[in-house]
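Examination of the molecular architecture
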Amino acid sequence: LGILGFSLASVSAEKKPNILFVLADDLGWMDLKCQGNEFLETPNLDRLAREGMRFTDAYAPAPVCSPTRAAIMTGHSPARLHITNHLPHQDRFTPEDSKLLPAEMRTHLPLEATTIAERLRDDAGYATAFIGKWHLYIKEESQFSPLAQGFDINIGGCSRGGPPTFFAPYGIEFLEDGKKGEYLPDRLADETIAYMRKQNEAKKPFYAALFLYTPHWPMEAPEKYVAKYADRPMKGYNHKVYPAMLETMDLALGRVFAELEALGIEEETFVVFTSDNGPYGGVGDARPLRADKGHLYEGGIRVPLIVRWPGTVKAGTECAEPVTLTDFYPTLLSLAGLKQGEDHPGDGADLLPLLAGEGKPEREALYWHFPNFAFHKDNRLGSAIRMGDYKLIEFFDKDEVELYNLRKDIGEKNNLADAEPERAARMRELLHDWRKESGAKMPRPKE
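Residues numbered from 1 in each chain as written. Predicted model: local features only at pLDDT ≥ 70, side-chain atom pairs only at ≥ 80, totals over all residues. Heavy atoms only, no water.

With respect to the sheet that holds strand E12 (residues 382–387)
- Taken in spatial order, the four strands of this open sheet run E11-E12-E13-E14, and their pairing is antiparallel. The two strands at the open ends of the sheet, each matched to only one other strand, are strand E11 (366–370) and strand E14 (400–405). Pairs of neighbouring strands in the sheet enclose a mean axial angle of 15°, with direction left out of account.
- Those strands touched by helix H11 (residues 421–438) are E11, E12, strand E13 (390–395) and E14, and its axis lies near 65° from that of E13. (Pairing = 2+ DSSP bridges. Helix = DSSP H or I, 4+ residues; strand = E, 2+ residues; numbered from the N terminus. Axes fitted to C-alpha atoms, helices over the stretch in contact; angles between N-to-C directions. Contact = heavy atoms within 4.5 Å.)

Things to note about the nonpolar core
- Core analysis: the largest hydrophobic core is formed by 104 residues, its most contacted members being Phe 55, Met 73, Tyr 207, Phe 270 and Phe 273.
- Sorting elements by how many residues they give to this core places helix H7 (residues 241–262) first, with 11 residues.
- Dropping the residues within four chain positions of it, Phe 55 is found in contact with Gln 35, Leu 305, Val 307, Cys 319, Glu 321, Val 323, Leu 354 and Leu 355.
- Judged by nonpolar contacts, the second largest core, of 15 residues, contains Tyr 390, Leu 416, Met 427 and Trp 434. (Core = buried A, V, L, I, M, F, W, Y, C linked by side-chain atoms within 4.5 Å. Buried < 20%, exposed > 50% of the residue type's maximum accessible area, 1.4 Å probe, protein only.)

Thoughts on helix H9 (residues 328–335)
- Here H9 lies mainly inside the structure; eight of its eight residues are buried.
- Of all the positions in H9, only Phe 328, Tyr 329, Pro 330, Thr 331, Leu 332, Leu 333, Ser 334 and Leu 335 are classed as buried.
- Looking at the residues trailing H9, positive phi occurs at Gly 337, about 80°.

Quick notes on the pattern of salt bridges
- In total, this model carries 42 salt bridges according to the counting rule given.
- Linking Arg 47 and Glu 51 is a salt bridge whose minimum nitrogen-to-oxygen distance equals 2.6 Å. Residue Arg 47 and its partner Glu 51 are both found in helix H1 (residues 43–51); the two are separated by four residues, about one turn of the helix.
- Taking relative accessible area as the criterion, Arg 47 reaches 37% and is therefore assigned partly exposed.
- Residue classification places Glu 51 among the partly exposed positions, given a relative accessible area of 23%.
- Salt-bridge contacts for Glu 182 lead to Arg 187; the nearest nitrogen and oxygen are separated by 3.1 Å.
- The exposure class assigned to Arg 187 is buried, which follows from its relative accessible area of 10%.
- One connected set of salt bridges, linked through shared partners, spans Asp 57, Glu 298, Arg 302, Arg 386, Asp 389, Lys 391, Arg 407 and Glu 412. (Salt bridge = Lys/Arg side-chain N within 4 Å of Asp/Glu carboxyl O.)

Comments concerning H7
- Across its 22 residues, H7 extends 32 Å between first and last C-alpha, which sits within 8% of the 32 Å expected from 1.5 Å per residue.
- Here H7 lies mainly inside the structure; 17 of its 22 residues are buried.
- Gly 264 sits one or two positions beyond H7 and adopts a positive phi of about 75°. (Expected span 1.5 Å × (residues − 1).)

Structural notes on the confidence of the model for the protein
- Here the protein shows a mean pLDDT of 94. Residues at 70 or above account for 96%.
- Long-range and interchain partners of residues 1–7, a stretch whose pLDDT sits below 50, account for 18 contacts in this model, where long-range means more than four residues apart.
- Within the model, pLDDT remains below 50 along residues 9–13, and this stretch shows four contacts once partners closer than five positions in the same chain are excluded. (pLDDT = per-residue confidence, 0-100.)

Description of the packing of aromatic side chains
- The full count for this structure, using the stated rule, is 15 aromatic pairs.
- On the numbers, 5.0 Å between centres and 85° between planes, the contact of Phe 130 with Trp 134 is edge-to-face.
- A relative accessible area of 0% means that Phe 130 is categorised as buried.
- Pairing Phe 270 with Trp 309 gives two aromatic rings, centres 5.7 Å apart and planes at 80°, and the pair type is edge-to-face. Remark: Trp 309 occurs in the loop between strand E8 (302–308) and strand E9 (317–319) and Phe 270 occurs in strand E7 (residues 269–275); sequence separation between them is 39 residues. (Phe/Tyr/Trp six-rings, centres within 6.5 Å; stacked < 30°, edge-to-face > 60°.)

A few points about the pairing of E7
- In terms of residue burial, E7 counts as a mostly covered element, since seven of its seven residues are buried.
- Where burial is concerned, the two faces of E7 agree: the one with Thr 269, Val 271, Phe 273 and Ser 275 and the one with Phe 270, Val 272 and Thr 274 are both buried.
- In terms of strand pairing, E7 meets E8 through four bridges, oriented antiparallel. Within E8, the position partnered with Thr 274 by the bridge is Leu 305.

Observations concerning the layout of surface pockets
- There is about 340 Å³ of room inside the largest pocket.
- Residue lining of the largest pocket: 21 residues in total, with His 86, His 135, Gly 161, Gly 162 and His 216 positioned closest to the centre.
- In terms of lining, the second largest pocket is formed by Pro 95, Asp 97, Ser 98, Lys 99, Leu 100, Phe 373, Lys 377, Asn 379, Arg 380, Leu 381, Asp 397 and Lys 398. (1 Å grid on protein atoms, 1.4 Å probe; cavity = no way out; pocket = protein on both sides within 12 Å on 5 of 7 lines; lining within 4 Å. Points joined across faces, edges and corners; volume = space filled by probe spheres on them.)

Thoughts on the side chain of Thr 269
- Secondary-structure assignment places Thr 269 in strand E7.
- Within the local environment of Thr 269, its side chain forms a polar contact with the side chain of Asn 18, the two groups lying 3.4 Å apart.
- Within the local environment of Thr 269, its side chain forms a polar contact with the backbone oxygen of Ile 265, the two atoms lying 2.7 Å apart.
- In this structure, Thr 269 is in contact with Asn 18, Ile 19, Leu 20, Leu 260, Arg 308, Trp 309 and Pro 310, ignoring residues within four places of it in sequence. (Polar contact = N/O pair within 3.5 Å; in protein donor to acceptor, adjacent residues only side chain to side chain.)

Some details on the pairing of strand E4 (residues 127–132)
- Counted residue by residue, E4 has six buried out of six residues, so it is predominantly covered.
- Sheet topology note: the E4/strand E6 (residues 206–211) ladder contains six bridges and is parallel. Of the residues in E6, the one forming a bridge with Gly 132 is Phe 211.

Focus: the packing of helix H6 (residues 223–230) against H7
- At a closest axis distance of 8 Å, the pairing of H6 and H7 adopts a crossing angle of 130°. The angle between H6 and H7 falls in the class oblique. Helix-helix and strand crossings are classified by hand; for H6 and H7 the assignment is right-handed. Facing Tyr 225, Val 226, Lys 228 and Tyr 229 of H6, the residues of H7 in contact are Val 241, Pro 243, Ala 244, Glu 247, Thr 248 and Leu 251. (Parallel < 35°, antiparallel > 145°, perpendicular 65-115°, else oblique. Left-handed = near helix turned anticlockwise from the far one by under 90°.)

A look at the side chain of Ser 275
- Among the secondary structure elements, Ser 275 is positioned in strand E7.
- A polar contact of 2.8 Å, which involves the side chain of Ser 275, links it to the backbone oxygen of Leu 27.
- At 3.1 Å, the side chain of Ser 275 and the backbone oxygen of Asn 277 are in polar contact.

In structure tokens form, the structure reads like this:
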């Protein structure tokens, strides 16, 4: 029996829960107080964690944003989609001394990929809205906007990886400029609140994808909050505006969460909060995790994840089961009483049994493929696999592997590849098999 008497069979056509999926941009694993960072003030997200389930071992499908967003939308891994870097392709970051050229990749989310918004809208009668950062096509390909991918409404979703500014006038396509000085997180919160009110009046279940631009560069926040942190000791943070961006993001989300309560739909709404990858290096700080955005080490891919569904997910629970954001495609389908089609190979697992205390995903491992150069000089092309407590990274430049026991060594300091060669060989073999099955594109030798 599930928590509070819940059974997975109770998801019926008569009563489908609303879905509010909040994705932060470049928010690191240690960028919330509930994650253990005592220097920050994030009371609303801390409360969300107390009221739901907080995952300690949740992962983005990639260490950069566009692949993660594509995986969330489709349930396919970035390797299968051939979207393995942030858009545009970023070939200009290939080091001159590299013997490898990055893998070829798509520059947009293809229309033939069935998104979660399409399934929820067309097969389950959901109203769908995209609010915030899309970043799943290049500037010349606006035909691949959220409106072509199952969303009834698109507010601010365009080709941009970050806003020109967080203060109006924003200069963001598909977002009308507000009054001069309006702050972007507040505006996106206002749009989300207005949308939820409208759908509540219509008595129609909604899927609202609130994909924040925060705390992506540029580092900007209202002066009141910037001044608050100016002289405060902040362990690890190299930019004083960054914690101000985290607090103001939290305050904006607090208003969204409060509106669910005011509308009387808090218990009817499945809420997810997470991030697309680790923090931007030199700004955020993922320690004790190693490295940051753009790396296959934990700091680049392990992210905060909180899920709240009152009456189903037991409040105040912590889950150490390794999960990936790709899992939310089959999870949201299941939530709406839908099944993943047989022609949809899928790379995620339905998390509803885990959330309801009824079981764990049946899979051998989690996988990553990052065959492209990002914006770091020390960015290495590679793939990774996690099995239980162990994680192996295969680097293509020197044809070598690193093996870590994450339970004993969360900072990935002690490479066990030589000490446990059989385990390393087995995990590498599985990684190769997965890449082959996924049709993953590989780096090309430089001629």
